[in-house]
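# What the coordinates show
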Amino acid sequence: MQSLRPTLDLEEFFERLHSAPQRVLMLDYDGTLAPFHEDPAQAMPYPGIPALLDAILQSGRTRLVIVSGRWIKSLLPLLDLRSMPEIWGSYGWERSLPNGRYTAAPVQAPAFEALTTAEQWMSDLEHLGARCERKLTSLAFHWRGLPNDRIVEIRNRIFEKWMSLAAEKDIGWHDFDGGIEFRAHGWDKGEVVRAILAESGPHAVYAYLGDDVEDERAFKALPDTGLSVLVRGQFRPTAADLWLQPPEDVCEFLTRWQRAVSR
C-alpha cells in the first residue's frame, strides 16, 4: 500500500471505520477484484477475494456495493458469493439490491437510436479483430491482446464512423483500459457515489476502490472523510488517496476492513 496524500493516516481511517455508525465499501470489478481477460466472461475474481467479500457481507456491518460498467446480468455469474451484495451496473443505469429487487433507469430514444446505429458497425470492426459488446446503455469495442498496429487501425475506423454519427450528442465517447465505449449520457460512477452518499447517514465512513479512468469520477465525488483507492499494477496519475497493487494489497485492505468492523 502506498499513500498518495501526505495527510493520509490509514490507522486513523480504520479506527474511524471501527467506531462508525455506518460503513460503505464501494468496489469496481474488472481490474480491481478480478484481473482483465480478453474474454470478459472469463474474468474471475482473484483468489481469496470471494471469501473476503463473503466475510464482510456475513458480518452485516458494511454496506458493500459493487459499482461496475458491466451489465449486471453478465457480472452475476462471476461473483461466486454466498450472499449477493448491492450492485450498480452499466455505470449506474441499473441497480440490484441484496433482496433481489432490480431497477433500471430509462434511456432516452435518441441515445438508444444512436447506439442501434453504432451496433451496425460491429461486423466490420470484428473483422479487424475487435470484440464488440452491447450493454444496456452502451456499446463497447475491446482490443485487449491485439498488436499495436491493429489497435491503431481499429481506433481510426471507430473514429471515422463516430464522426459520421449524426446523433453523437446523445451518447459520449469514453476511452477505457483496452478499448472504447459509446455510452448514453446520464449516469456515471460519480453519480452512483453521490446517490449512495445521499442515502447514507451523515457520519458514515466510505471507501471506493477502482482502477480505470472512469473510477476517477467516483474518487472526486467522495467527501474528504472518505478514502479513494487506486488499484493497479502500474501507477498512473490519479485523484485517489491510496494506491494498491492487486491482488495482494487488495486482499490485505479487505482483511483490515473486516477486522476493523468485527472488533
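Our subject in this report is the structure included herewith. Nothing here was measured: the structure is a model prediction, and the numbers come from that model.

### Considerations on helix α3 (residues 72-79)
Burial in α3 covers these residues: Ile72, Leu75, Leu78 and Leu79. In a view along the axis of α3, the buried residues occupy a sector of 120 degrees, so they form one face of it. Residues of α3 that are exposed and angled more than 90 degrees away from the buried face: Lys73 and Pro77. Next to the buried residues of α3 lie α2 (49-59), β3 (63-67), β4 (86-89), β5 (94-96) and β6 (102-104). Of the residues trailing α3, Asp80 is marked for its positive phi of about 55 degrees.

### As for the packing of helix α1 (residues 10-19) against helix α9 (residues 248-262)
Here α1 crosses α9 at 45 degrees, and the two axes come no closer than 8 Å. Here α1 is positioned oblique relative to α9, judged by the angle of their axes. Crossing of α1 against α9: the hand is right-handed. Across from Leu10, Glu11, Phe13, Phe14, Leu17 and His18 in α1, the residues of α9 making contact are Phe253, Arg256, Trp257, Ala260 and Val261.

### A word on unusual backbone geometry
Pro246 connects to Pro247 through a cis peptide bond whose omega is -5 degrees. Following the sequence through the fold, Pro247 ends up in the loop between β13 (242-244) and α9. Its identity is not glycine, yet Asp80 carries a phi of approximately 55 degrees, on the positive side. Tracing the chain through its elements places Asp80 in the loop between α3 and β4. One non-glycine residue, Ser90, lies in positive phi territory at about 50 degrees.

### Some words on the sheet that holds β3
Strand order in the open sheet formed by nine strands is β1-β13-β12-β11-β2-β3-β4-β5-β6, and the pairing between neighbours is mixed. Both edges of this open sheet fall to β1 (2-3) and β6, since each of them pairs with a single strand only. In this sheet, β3 lies alongside strand β2 (residues 23-27) in parallel orientation, the contact comprising four bridges. Directly across from Leu27, in β3, lies its bridge partner Ile66. Where helix α7 (residues 189-199) meets the sheet, its contacts fall on β2, β3, β4, β5 and β11 (205-210), and the angle it forms with β3 comes to roughly 165 degrees.

### Some words on the pattern of salt bridges
In this structure the tally under the stated criterion is 25 salt bridges. The salt bridge partner of Arg70 is Asp30, with a shortest N-O separation of 2.7 Å. One end of the pair, Arg70, is in the loop between β3 and α3; the other, Asp30, is in the loop between β2 and α2, and 40 residues separate them in sequence. Salt-bridge contacts for Glu199 lead to Arg95; the nearest nitrogen and oxygen are separated by 2.9 Å. Here Glu199 is found in helix α7, whereas its partner Arg95 is found in strand β5, with 104 residues between them in sequence. Taking relative accessible area as the criterion, Glu199 reaches 41% and is therefore assigned partly exposed. A network of salt bridges, in which partner residues are shared, links Lys135, Glu181, Arg183, Asp188, Glu214 and Arg217.

### Things to note about the nonpolar core
One finds Leu25, Leu209, Leu227, Phe253, Leu254 and Trp257 to be the most contacted residues of the largest nonpolar core, which totals 40 residues. Here this core takes seven residues from α9, the largest share from any one element. Ignoring sequence-local partners within four residues, the contact set of Leu25 consists of Ile56, Thr62, Arg63, Leu64, Val65, Ala207, Leu209, Phe253, Leu254 and Trp257.

### Considerations on the side chain of His142
Among the structural elements, His142 can be located in strand β8 (residues 138-142). Engagement of the side chain of His142 in a polar contact is seen with the side chain of Glu133, the distance being 2.8 Å. If sequence neighbours within four positions are ignored, His142 has contacts with Pro40, Ala130, Arg131, Glu133, Phe176, Gly178 and Gly179.

### Considering the sheet that holds strand β7 (residues 131-134)
As summarised here, the arrangement of the four strands in space is β7-β8-β10-β9, forming an open sheet in which the pairing is antiparallel. Every other strand in the sheet has two partners, leaving β7 and β9 (171-176) as the edge strands with one partner each. Going across the sheet, the axis of each strand differs from the next one's by a mean of 15 degrees, ignoring polarity. In this fold helix α6 (residues 148-163) packs onto β8, β9 and β10 (179-184), with an angle of close to 170 degrees to the strand it touches most, β9.

Reading the values: the criteria
- Residues numbered from 1 in each chain as written.
- Predicted model: local features only at pLDDT ≥ 70, side-chain atom pairs only at ≥ 80, totals over all residues.
- Heavy atoms only, no water.
- Buried < 20%, exposed > 50% of the residue type's maximum accessible area, 1.4 Å probe, protein only.
- Helix = DSSP H or I, 4+ residues; strand = E, 2+ residues; numbered from the N terminus.
- Arc of directions from axis to C-beta.
- Contact = heavy atoms within 4.5 Å.
- Axes fitted to C-alpha atoms, helices over the stretch in contact; angles between N-to-C directions.
- Parallel < 35°, antiparallel > 145°, perpendicular 65-115°, else oblique.
- Left-handed = near helix turned anticlockwise from the far one by under 90°.
- Pairing = 2+ DSSP bridges.
- Salt bridge = Lys/Arg side-chain N within 4 Å of Asp/Glu carboxyl O.
- Core = buried A, V, L, I, M, F, W, Y, C linked by side-chain atoms within 4.5 Å.
- Polar contact = N/O pair within 3.5 Å; in protein donor to acceptor, adjacent residues only side chain to side chain.

Everything listed is a geometric property; what it means functionally is a separate question.
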